Amino acid sequence: MPPTSQKTQSFEIGTRKSQLALLQTEIVVKALKEAWPEYRFNVRPRDTAAGDLDKVTPFKDMPVKNLWTHDLEQSLVEEKLDLLVHSLKDVPTQLPADCGLGAILDREDPRDAFVLKTGRTKCGLADLPAGSVVGTSSIRRAAQIALRHPHLRVQDVRGNVPTRLKKLDEDDSPFDALILAAAGLIRLNLGHRISEFLTSKNGGMLYAVGQGAIGIESRAKDIQMSQILEKINNNSTSFACLAERSLLRTLEGGCSAPVGVETEWITGCEEGPRLVMRAIVVSVNGKESVEIEMEEQIMTTESADSFGIEVANALLAKGAGRILDAIKAKKRTEVVDLRE
């Protein structure tokens, strides 16, 4: 049932100020205007305290999990904003009690992309010479490189996508290549920079939970907004991403945990569509890893959530908990050291 004419006619959209965030917000606004031409949607971009303002500290060393969402969520709860547009991979699996995911849009390519320094002879990740330096801010990518490509070195790199590419291409750059989300490059019309798409079978790289998807957050009790967002939600993307997020939530790993996933739909089954999920948990040094592949019929939010829990429990049964516990213990030790 659509919102009634007596209710709000204009809505405030919160997002970050980065070029990619604004482009993704444009995608959302276009979808909303097509679905609800009678309403106005106003974009209110802002910097987020932890993720945008601290451009030095590696993400894995940040003291909070919700690097990109905390300040925006505060404004949402205070009703200064009506909805938030996020890269879903940046959204913690545990949302504030007053907030919820209202919609997930059609997913862009979720794979990681291998990007070579301009001028280098074209090659793949596995073909880089020993000692080559790969830039990434992701502990998940660094751990999988250590596991699959121990001959390579990993160095942290911060900044938005154009800034990272600039750092890569500088004459005195320490980097030979970067690994970035393909979706961001494609949305920024930088797809030509992709030297290779990485998958479990090519390069041995599983992507981040929710990668490539745009998530829209709203107040949990805002019935009007729930009705509005329902019209632009993509069920296939939503079910896959909710299963991935359920997996990560069960493992108690944030967006900085070395957990990778890969999901794909099998259609044409008599009983309904089935979701295949591949998942990996890797120690930071790449010395230990646990992998699994499972599939299940998914037709509801509840079945997606249950499937994620099932895959997570299977990983834990194979020893993933030991790897994650060791990482958490090391982080606690580092925090103590910093305080001393």
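Before any of the text, the structure's been laid out above.
Residues numbered from 1 in each chain as written. Predicted model: local features only at pLDDT ≥ 70, side-chain atom pairs only at ≥ 80, totals over all residues. Heavy atoms only, no water.

1. Describing the side chain of Thr25
- Note that Thr25 resides in helix 1 (residues 19-35).
- Among all residues touching Thr25, those that are not within four sequence positions of it are Ile13, Thr15, Val43 and Val85. (Helix = DSSP H or I, 4+ residues; strand = E, 2+ residues; numbered from the N terminus. Contact = heavy atoms within 4.5 Å.)

2. Description of the pattern of salt bridges
- For the coordinates displayed, the defined rule picks out 20 salt bridges.
- Of the charged contacts, one joins Asp112 and Arg140 as a salt bridge, the two residues approaching to 2.8 Å between their closest N and O atoms. You can see Asp112 sitting in strand 5 (residues 112-116) and its partner Arg140 sitting in helix 4 (residues 139-148), a full 28 residues away along the chain. Like Asp112, the residue Arg140 is buried in the burial classification.
- Measuring nitrogen to oxygen at the nearest pair gives 3.1 Å for the salt bridge that ties Glu288 to Arg322. Within this pair, whereas Glu288 is found in the loop between strand 12 (274-282) and strand 13 (289-297), its partner Arg322 is found in helix 10 (residues 320-339), the two being separated by 34 residues in sequence.
- Three or more residues are tied together by salt bridges with common partners; here these are Glu262, Glu264, Arg278 and Glu293. (Salt bridge = Lys/Arg side-chain N within 4 Å of Asp/Glu carboxyl O. Buried < 20%, exposed > 50% of the residue type's maximum accessible area, 1.4 Å probe, protein only.)

3. Here's the deal with unusual backbone geometry
- One non-glycine residue, Glu79, lies in positive phi territory at about 65 degrees.
- Considering the arrangement of structural elements, one finds Glu79 in the loop between helix 3 (70-77) and strand 3 (83-87).
- Positioned with a positive phi, Asn189 is a non-glycine residue whose angle comes to about 60 degrees.
- Tracing the sequence through the fold places Asn189 in the loop between helix 6 (182-187) and strand 9 (196-198).

4. Overview of the sheet that holds strand 7 (residues 153-155)
- Reading across the sheet, the five strands line up as 7-6-8-5-9 and stay open at both edges, with mixed pairing between neighbours. Pairing within the sheet leaves two strands with one partner each, and these edge strands are strand 7 and strand 9. Geometrically, the sheet is characterised by an average inter-axis angle of 30 degrees between neighbouring strands, direction not taken into account.
- Those strands touched by helix 4 are strand 5, strand 6 (133-135), strand 7 and strand 8 (177-181), and its axis lies near 130 degrees from that of strand 8. (Pairing = 2+ DSSP bridges. Axes fitted to C-alpha atoms, helices over the stretch in contact; angles between N-to-C directions.)

5. Considering the sheet that holds strand 12
- Taken in spatial order, the three strands of this open sheet run 11-12-13, and their pairing is antiparallel. Each end of this open sheet is capped by a strand with a single partner; those strands are strand 11 (259-266) and strand 13. Mean inter-strand twist for the sheet, computed between neighbouring axes without regard to direction, equals 15 degrees.
- With nine bridges connecting them, strand 12 and strand 13 associate as antiparallel partners. Looking at strand 13, one finds that Ala279 is bridged to Ile292.

6. Focus on the nonpolar core
- One finds Leu247, Leu251, Val259, Val281, Phe307, Val311 and Leu315 to be the most contacted residues of the largest nonpolar core, which totals 35 residues.
- Considering every element that reaches this core, the biggest residue donor is helix 8 (residues 235-251), with eight residues.
- Once residues lying within four places of it in the same chain are set aside, the contact partners of Leu247 are Val259, Val261, Met277, Ala279, Gly308, Val311, Ala312 and Leu315.
- Val28, Ala31, Trp36 and Ile228 belong to the second-largest nonpolar core, a separate cluster that totals 20 residues. (Core = buried A, V, L, I, M, F, W, Y, C linked by side-chain atoms within 4.5 Å.)

7. Some points on the pairing of strand 8
- Of all five residues in strand 8, five are buried, a share of seventy percent or more.
- Of the pairings in the sheet, the one linking strand 5 to strand 8 comprises five bridges and is antiparallel in character. Across the sheet, the residue bridging to Ala113 is Leu180, located in strand 8.
- The pairing of strand 6 with strand 8 spans two bridges and is parallel. What sits directly across from Val134, in strand 8, is Ala177.

8. As for helix 1
- If you check helix 1, its first and last C-alpha atoms are 25 Å apart, about what 17 residues at 1.5 Å a residue would give, namely 24 Å.
- Of all the residues in helix 1, the buried ones are Leu20, Ala21, Gln24, Thr25, Val28, Val29, Ala31, Leu32 and Ala35.
- Buried residues along helix 1 sit against strand 1 (10-16), strand 2 (40-46), strand 3, helix 6, strand 10 (214-219) and helix 7 (223-230). (Expected span 1.5 Å × (residues − 1).)

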